[in-house]
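# Examination of the molecular architecture
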Amino acid sequence: MHVRAILLPLLLPSAVVAVLVATLDSPGGALAAALVTLAGSLMALGVSRGAVQRQLDTLTRHTRGRAEGALTAPASNPDQLEEVASLEGAIDSLHTRLSTQNARLLQESRTLTAVLDGMAEGIWVTDAEGTVVSHNDALRDILQPGAGSLIGERPLALLRNDVLSDAVMRACGEGASTRLELELEGLFPRTLSIRVTPLGRDLPGSAAVFHDITELRRLEKVRKDFVANVSHELRTPITAIRGYAETLQGGALNDAVMAPKMVEIIHRQSERLSELVEDLLELSRLESREVRLALTSVSLADAVARAADTVRPKAEGKDQRISLHVPTELRALGDSRAVEQVLLNLLDNAVKYTPPGGRVDVYGACEDGRCVVRVRDTGLGIEPKHLSRIFERFYRVDKGRSRDMGGTGLGLSIVKHLLQAMDGEVKVESQPNVGSTFTIFLPLPVPAKAATG
Ligand code: ADP
């Protein structure tokens, strides 16, 4: 009877403490031992119920406070029973351990979020019903740039694609992984490669990784088009050479009138073939940055004069006048061979696409801290819709005319690449049937260092 009267009120607050501790996490062995010891010892000591009750109340209050985030430790009490103090110590060490674990988990979660947000690939995680429960920044940029969170959305609502939606449901239901490619239409069409996987045996739901492969597919198309273009360009002269050679072999060699003409065509076509191969090699060297440019101070008047001398016979044959207006002191920072090649390509085009009797003028100046050279002709001009494309490889306004004139369709592309390699650029203005002006910009030479003393 006496024992029960003491035990009951003693165990009740201890049970309260145990429950409180359980709210923090699973109590350790030390805590369980402390509780048992406390109950037994207090019984043995026969301490007054009121004193124990008060100390346990205080401990309960402090423990609850700490569970709710209070930072301060309770003030020490000299009258505190040893067993209560031991219980408090166990709670203390449990609290410290949980706080450390908590801090580590928080740090890990922050690191993971930073890694996911730093990735170029978009990632989402869904619950077992296929609803997005988390995603990284890249996914929003890929699917809905500028939009808010995508959490709570369904795949079908986000991408309007049954195949993706089915893949997510299969990953959630059957644990199946799927790889698929999606074309997104709209203002900026994109191609996405998506891998959908189940989260794992113990975790319901799925994850999907989105790769934006638009640029990859574009480059693949450029490469395929390039190979097709090169093959086509090579085939034309080869077909002509073979055709005329076979005709000569078949007896035309003895035709005193036709034979020289055919040999002349074979010669012209073989020259065209070698020009094409030269241009292709030059372009490939430029694109793979194999060309080493030696940047020095280049006299633009000299470079323009040399390029003009090369095309003058052709211009004279067409009764065209080439006039140069480049100040002798105008110098640019560039590679002399590359600058001359740029000017030669532009002057050659000007002569090529200007009808007989026309004019070609070259102006040089220093404008806004840059060297500027303008090649102006009174030729056929270019329609506005072609202007942005004429610097592309093999792009021609009039394929037939360009080929007839011996063009490879690579000249302006080489001009653009050479100028880029020298920190320069090229622009074009043109009016059909009036003429075109190609303007190149190059940096000024670095001024010689002033003598120090
Ligand atoms: P191509 O070898 O055909 O001349 P380019 O790359 O040098 O190749 O030029 C691309 C196209 O730009 C040409 O086919 C032509 O249609 C157009 N073009 C270039 N320069 C001129 C110009 N001065 N006047 C008119 N059209 C030009």
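Secondary structure assignment for the protein yields 14 helices and twelve strands. Per-residue burial over the protein gives 38% buried out of 453 residues. Once local pairs closer than 6 in sequence are excluded, the contacts in the protein between residues at least 24 apart make up 62%. Surface accessibility of the protein: about 26,200 Å² in total, with carbon and sulfur atoms responsible for 55%.

In this section: the site of the ligand. Around the ligand, the structure places 20 residues, and the nearest of them are Tyr-353, Ser-402, Thr-408, Gly-409 and Leu-412. Gly-411 has a polar backbone atom sitting 3.3 Å from an oxygen atom of the ligand. Contact between the ligand and Ser-436: a nitrogen atom at 3.5 Å from a side-chain N or O atom of the residue. Across the complex, the protein chains shield 98% of the 530 Å² of accessible surface that the ligand would expose by itself. Mapped onto the shell around the ligand, the elements with two or more residues apiece are helix H11 (336-352), helix H14 (411-421) and strand E12 (435-443). Counting residues per element, the shell around the ligand draws most heavily on H11, which supplies three residues.

Right, let's talk about the sheet that holds strand E5 (residues 206-212) for a bit. Spatial strand order, E2-E1-E5-E4-E3: five strands in an open sheet with antiparallel pairing. Single-partner strands in this sheet number two, and they are strand E2 (132-135) and strand E3 (178-184). When strand polarity is set aside, the average angle formed by the axes of neighbouring strands in this sheet is 25°.

Residues Leu-300, Ile-440 and Leu-442 are the most contacted members of the largest nonpolar core, which totals 49 residues. At the level of secondary structure, the elements contributing two or more residues to this core comprise helix H9 (258-287), helix H10 (300-317), H11, strand E9 (359-367), strand E10 (370-377), H14, strand E11 (425-431) and E12. Taken domain by domain, this core gets at least three of its residues from each of domain 3 (221-286) and domain 4 (293-451). Leu-300 has contacts with Val-326, Leu-330, Ala-332, Val-339, Cys-371, Val-373 and Leu-442, leaving out every residue within four places of it along the chain.

Glancing now at the packing of aromatic side chains. For the structure on display, the rule yields three aromatic pairs. Seen from their ring centres, Trp-124 and Phe-210 are 4.9 Å apart, and the 65° between their planes marks the pair as edge-to-face. Taken together, the residues Trp-124 in strand E1 (residues 122-126) and Phe-210 in strand E5 connect sequence positions 86 residues apart. A relative accessible area of 0% places Trp-124 in the buried class. Ring plane angle 35° and centroid distance 5.9 Å describe the contact between Phe-226 and Phe-394, whose orientation is recorded as tilted. Taken together, the residues span a long stretch of sequence, with Phe-226 in helix H8 (residues 214-249) and Phe-394 in the loop between helix H12 (384-387) and helix H13 (399-404) at a distance of 168 residues. The ring of Phe-226 carries Arg-393 above its face, with NZ or CZ at 4.1 Å from the centroid.

What follows covers the confidence of the model for the protein. With 87% of its residues at a pLDDT of at least 70, the protein reaches an overall mean of 85. Note on residues 1-13: pLDDT is under 50 here. Beyond four places in sequence and across chains, it has 13 contacts. Between residues 15-28, whose pLDDT stays under 50, and residues either more than four places distant or in other chains, the model counts 19 contacts.

As a further point, take the pattern of salt bridges. Summed over all chains, the structure comprises 18 salt bridges. Here Glu-215 and Arg-218 are joined by a salt bridge, their closest N and O atoms 2.9 Å apart. Taken together, the residues Glu-215 and Arg-218, both in helix H8 and three residues apart, mark about one turn of the helix. Using a relative accessible area of 44% as the deciding quantity, one classes Glu-215 as partly exposed. Between Glu-392 and Arg-389 there is a salt bridge, with its nearest N and O atoms 2.9 Å apart. Relative accessible area serves as the criterion here: at 34%, Glu-392 is assigned to the partly exposed category.

Definitions and cut-offs
- Residues numbered from 1 in each chain as written.
- Predicted model: local features only at pLDDT ≥ 70, side-chain atom pairs only at ≥ 80, totals over all residues.
- Heavy atoms only, no water.
- Helix = DSSP H or I, 4+ residues; strand = E, 2+ residues; numbered from the N terminus.
- Buried < 20%, exposed > 50% of the residue type's maximum accessible area, 1.4 Å probe, protein only.
- Contact = heavy atoms within 4.5 Å.
- Areas by Shrake-Rupley, 256 points an atom, 1.4 Å probe, with all protein chains shown as cover.
- Near = heavy atom within 4 Å.
- Polar contact = N/O pair within 3.5 Å; in protein donor to acceptor, adjacent residues only side chain to side chain.
- Pairing = 2+ DSSP bridges.
- Axes fitted to C-alpha atoms, helices over the stretch in contact; angles between N-to-C directions.
- Core = buried A, V, L, I, M, F, W, Y, C linked by side-chain atoms within 4.5 Å.
- Domains from an automatic or database assignment.
- Phe/Tyr/Trp six-rings, centres within 6.5 Å; stacked < 30°, edge-to-face > 60°.
- Lys NZ or Arg CZ within 6 Å of the ring centre and 35° of its normal.
- pLDDT = per-residue confidence, 0-100.
- Salt bridge = Lys/Arg side-chain N within 4 Å of Asp/Glu carboxyl O.

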